[in-house]
Structures are given as structure tokens and as C-alpha cells.
Amino acid sequence: MGDKNIEWELEEGIPQVEDPFIQQYLNGREALIAEEQKRRHDATFRKTLSPIAARACKIVSQIRAQEQDEVWTTGLDEATAHQSDEILYPGVMFHHAKGRMEKTKLWKIVERMPKGSLLHAHMDAMFDIDFLIDQAFSTPGMHFKSEKPLLTKKDYEEVPIKFQFSSQPLSASDATPSIWTEAYETSSLVPVQKAASSFPQGGEAGFRDMIRNRCMLTPEHSYNHYHGVDAIWSIFTRTFPVINSILNYEPIFRACFRRMMTQLAADGIRYVEFRIAFVFEYRREGSDKPEESYDEFCRVLEEEIESFKSTDEGKHFYEARIIWTTIRSFSNEMIVDNMKKCITTKQNFPDLICGFDLVGQEDLGRPLVDLIPLLFWFRKQCAEEEVDLPFFFHAGECLGDGDATDHNLFDAILLGTRRIGHGFSLYKHPLLIDLVKEKKIMVECCPISNEILRLASSIKTHPLPALLSRGVPVSLCNDDPAILGHGRNGLTHDFWQSLQGLQNVDLAGLAMMVQNSLRWSCFEDQSTAEWKSEVTEGILGQGLKGTRLREWCSDFEKFCEWVVLEFAEFDDSD
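Residues numbered from 1 in each chain as written. Predicted model: local features only at pLDDT ≥ 70, side-chain atom pairs only at ≥ 80, totals over all residues. Heavy atoms only, no water.

**Remarks on the side chain of Ser245**
The condition is simple: Only DSSP runs of H or I covering at least 4 residues are called helices, and only runs of E covering at least 2 are called strands; the numbering of each starts at the N terminus. Residues adjacent in sequence count toward polar contacts only when both atoms are side-chain atoms; beyond that, a polar contact is any pair of N or O atoms within 3.5 Å, and within protein one must be able to donate a hydrogen and the other to accept it. By definition in these notes, contact holds between two residues if any of their heavy atoms fall within 4.5 Å.
Mapped onto the secondary structure, Ser245 falls in helix α13 (residues 229-247). Only 2.7 Å separates the side chain of Ser245 from the backbone oxygen of Val242, close enough to count as a polar contact. What Ser245 contacts, discounting residues up to four positions off in sequence, is Met142, Lys162 and Phe163.

See the structure below:
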């Protein structure tokens, strides 16, 4: 058949691949591709790969290619001999991929990879939801309350509910009318066990399911409806009050934090910057009254971090610090009051608090330009109080193009942000891309979060490749893993999605983003000049960042050795 085709092509005068002018075209094509590759974010890093690391990168790419063909294609169901209804393709949506991805060779590799720093993660959205609910049941004194009786399915889904510790005897609160009846009085405390056992839709099991659904975005929320970004954000923001009402009671917080830190360290993360919106009530163990300041919360947090670092699981963990955040939709008075608390807490806990940000949905919150007077006031107050609180702004987490939300990117850069949270719309702004590179600003990219919150349909439509191809420094982050349904903590899901779904992001591309996470970590307070100097020097620097980058390079080399040995059958370098 092949010979007949060649004969036909020759008779028709069709050029052959080996003809000199076709070869000239193909050589020019390869040269053009190579020229573009020189502009990518990882071009310099690739030149420094050791022979063993280069072999590991090639092996991982071969495994990816094999799994794209064998794992991520829709074929016949062997049991029924019918076409499978499962939605499969390389880069398929996260919730469709999750169960299968965790059984692949690529997952095993990414899970083992040393991942450096996690720089964009909202602490209250990181705690395992089932474990959190277990704590609500097992911790003495925990109660449940609602703003109105919970009578219908819509009430279960939307009426504000909270948990709260109370020292009142169970005999007193046990007499409270059922929360599931008209007789319930608004915000009356009901013992958790009583509320759960009397739940009309399945008792305790049904109650746990109801609470779980109030604390997470399910696939139904994210994929199986046709509302826009505002609708999914409305559901998303309702999760935080419920979670925080359980979490911010001292014994529960301690238990959950220890568990979370163990999970992060096991995933290869050695440093974390948590974002915390300081708008919650925190209670000491046994206290009915919430604390007036956040000093006790920060004291417990520092104590738990140091305790974790002294364990076997945490012996290689560097540190955890806090980016203080407040809600961008608040009034001027509320934001200024929160800024004052931020400065005071920084003075009391200088090693814990490392920066400032504004959170909440950008589209429905106040744009940065509206907050310029407050931000200049805050900067002046910090200078007068001699505290260093640099900006790490969320910006461009939107679908807009030229609207007020999209323009948050301009203000974030002009205000001197050291990193940009999400930067989803940055790829639309060629001038800003150049400025970000010139000013050494890194983008904290959260691909799974952007997908589930309806900014992108899958990793295939995410702007991450557009940023990487232009040489923008990026690190991968998980944002809100517990609420988004990751099912476990760490960075492996976001790393896997990017590696498996984007052909230009191979193991070297992931490694470059890990290096970025360390280069742009706020390990210690630094002036703007000191910060830029260490970011620029990178692995050659003599400061703390340089040291930790070199430590990571050693870890990465050992990891690459493991890849080559573990998957030797894919190594054709000989």
C-alpha cells in the first residue's frame, strides 16, 4: 500500500519529505520552535540540568505520553463491551479526573517530588472537612445553631448556620426545641449530638452529609449547572462561616492544624504562607466568650508550628508565616480597624505576620483603586510604627477585560505588590506582563481553583501556558483544597493537572515553578531592596533564599535519581 501511495504521489508531482526544499522548510520550522522555547520561563533552568535530571525529565515525559494514550482515552468497557460513559481525555476537568489520576504512575512521581513553598493558601479552606466534622462531634461542649428553623431542603442549603462551644450543662441546652421544627428559637444553642440524631433526613449520617455539603463545593455546584461566576462564588462564600465556627475553638484548631501540617510536609512542602482573613471569633478552651484580640490565636499558632517542627514528620519543615487579610467589600471604617489590628499583631508577633492582602470575590468587592487612600494610610502607619508589612495582592482573578476588576492588576503593580494572587487575566495585558517581569513580581497560580470557580473549563483552557511562554515567573498553589474537594492536602493535584494537561510543562517546567516558590518566599522580613536583590540572585545568593534553593536542588537531584531507578524501563538513554 505504501509503495502504491508513493507511486501515486510521484505521478502527481507531490514533493517528498526528503526533497531539499521540504527539508529546508522543516529545519526552519524547528529553528522557529527552538527560538520560542528560549523565551519560556524555564529556558535557563533547562541548561543547568544534570545528566541524571535530564534523564528523569525524559522518562516522565514518556510516562505521560503513554498514560495519555492508555489511561485518558474513552474506550470500550471491558466488562460490558459497550462504549464507556466516563468522560476521559488528557486535561479532563478535575473532578472527572481525580479518582483515576491518583492511581497513575505520573501521580506516584509528582507525589514524591520535593515541592518547595506553598505561597497561596487560605488556611480555613485547607482542613479536611470530615476530620473537622468529627472534631465537632468529639469535642465536649460543641453546639449547633441557626438563624431560623431548618425546615426545607433550601433551608439546609442556604440558611446561615454555625457551631459554637458552650459551657452550659447539657441538661439546659438539651431542652431547647428541635432546630428542625417551627418551635425552634433563632440562634438557640442545640447540642451537636441532639441536632444530628434528630435530623429528619437520615439522622446523624444525613446531618454529617448536610454539613459536608455546606463546607464544600461539589461537582454538582461546579459543573452541573449553568450559572456564572457570581453564582458559584455565592455558594463558595457560604462555606467559610460554617468552617470557621467549628475550627476556631482552641482544642479543635490545635488538632486540625497538627493534622494539616503533617499532610503538607508529607507532600514535600517545606514552607507555607497562609492567608487568614482576621474577621472570625476565636475562643480559648473552655471559654464561652470570644477573644477581643487575635493575640491568643497567634500564640497558639506559633506554639503549634514550633511543636510540629520538633517532630519526625516536621524535622525538615522550615517555617509557616501568615499573610494578614481583610475583606475587600468592607467599609472604610471596618478596613481601617482591621489594618490597625494587623499592625498591632505584627508588633506582638513579628516573626509570624509577614504581609497584607485583601480577599473576597474581586468582581463584587471594591476594586483596589477605590481603596488607594486607605492603602496609602496603611503604608504610612506601618512606617511610623516601624513594622514591615509588604503587599501580596489578589488581582486579576476574573474573566473581565478592561473592567474595574481586571484593572486591579494595574493598581497591584503600581502599589508595589511582591506577588500577584491568581493573575488570571494578566495574559491579556502585554505591557503588564513586561512590567511584572521587569519588577520581579511572581504570579501565584491556582489552576484547580480557577477551574472549579468557573474561570476556566479545564487546565486546557487555563492561561498558565500563556504566562509561562512569555517568561513570567509563576508558582503553583492550591488556594482552597478542602472546600474545592481535593480530598487531601498539598500540591500534588495542581502539579499533576499541569503536568498531565499541558504538553510544554514537563518535569523541568514543574521544577522551575518550585524554584520560583522558594525565590519569592517571605522567609524573613526584608526591605524592598533586600527582597529584590535576593530574588535576582536566586540560587547564587548568599542569604537564606540562596541556601534554601541549594538545599532544594540537592533534594531534586535525589528525587531524579529515584525516578531513573524506579522507572528504568522507560529510560532509553543508553
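Resuming the write-up.
**Quick word on the nonpolar core**
This is how it is decided: Only buried Ala, Val, Leu, Ile, Met, Phe, Trp, Tyr and Cys residues count toward a nonpolar core, and they belong to the same one when joined by side-chain atoms within 4.5 Å. Using a 1.4 Å probe on the protein chains alone, a residue whose accessible area is under 20% of its type maximum counts as buried, one over 50% counts as exposed, and one in between counts as partly exposed.
Judged by nonpolar contacts, the single largest core of 178 residues is most densely connected at Phe144, Phe207 and Phe274. The element that contributes the greatest number of residues to this core is α13, accounting for 10 residues.

**Points about the UniProt feature "domain: Adenosine deaminase" (unreviewed entry) in the protein chain**
Here is the rule: UniProt positions are given in the numbering used here, feature names are shortened, and annotations may be inferred rather than shown by experiment.
Under the UniProt annotation, the feature "domain: Adenosine deaminase" (unreviewed entry) is placed at residues 233-536. Here residues 233-536 is 47% helix and 12% strand, with 37 Å between the C-alpha atoms at its ends.

**Here we look at the sheet that holds strand β5 (residues 161-165)**
Operational definition: When DSSP finds two or more bridges between a pair of strands, those strands are recorded as paired. For every element, the axis is a line fit to its C-alpha atoms; helices are fit only across the contacting stretch, and the angle between N-to-C directions ranges from 0 to 180 degrees.
Read across the sheet, three strands follow the order β5-β4-β6 without closing on themselves; strand pairing throughout is antiparallel. Only two strands of the sheet have a single neighbouring strand rather than two, namely β5 and β6 (190-191). Bridge count between strand β4 (residues 142-146) and β5: five bridges; the pairing is antiparallel. Following the sheet pairing, Lys145 is matched in β5 by Lys162. Seen against the sheet, helix α11 (residues 203-215) touches β4 and β5 and runs at an angle of roughly 110° to β5.

**A short note on helix α25 (residues 528-537)**
Residues separated by three or four positions in an α-helix point in the same direction, a consequence of the helix having 3.6 residues per turn. What counts, and what does not: Here the arc refers to the directions that run from the helix axis out to each C-beta atom.
For α25, every residue scored as buried is listed here: Trp531, Glu534 and Val535. In a view along the axis of α25, the buried residues occupy a sector of 100°, so they form one face of it. In this fold, the buried residues of α25 make contact with β11 (419-422), α24 (507-519) and α26 (544-566). In the segment just after α25, Gly538 is the residue with positive phi, at about 60°.

**Description of the pairing of strand β8 (residues 319-327)**
To be explicit about the condition: Handedness of a crossover: with both strands directed away from the viewer, a clockwise path from the first strand across the helix to the second marks it as right-handed.
Counted residue by residue, β8 has eight buried out of nine residues, so it is predominantly covered. The sheet contact formed by strand β7 (residues 269-277) and β8 spans seven bridges and is parallel. Bridge pairing links Phe274 to Ile322 in β8. Handedness of the β7-helix α15 (residues 295-309)-β8 crossover: right-handed. Bridge analysis of β8 against strand β9 (residues 353-359) gives six bridges, and the strand direction is parallel. Within β9, the residue paired with Ile327 across the bridge is Val359. With helix α16 (residues 332-348) bridging β8 and the parallel β9, this β-α-β connection has right-handed handedness.

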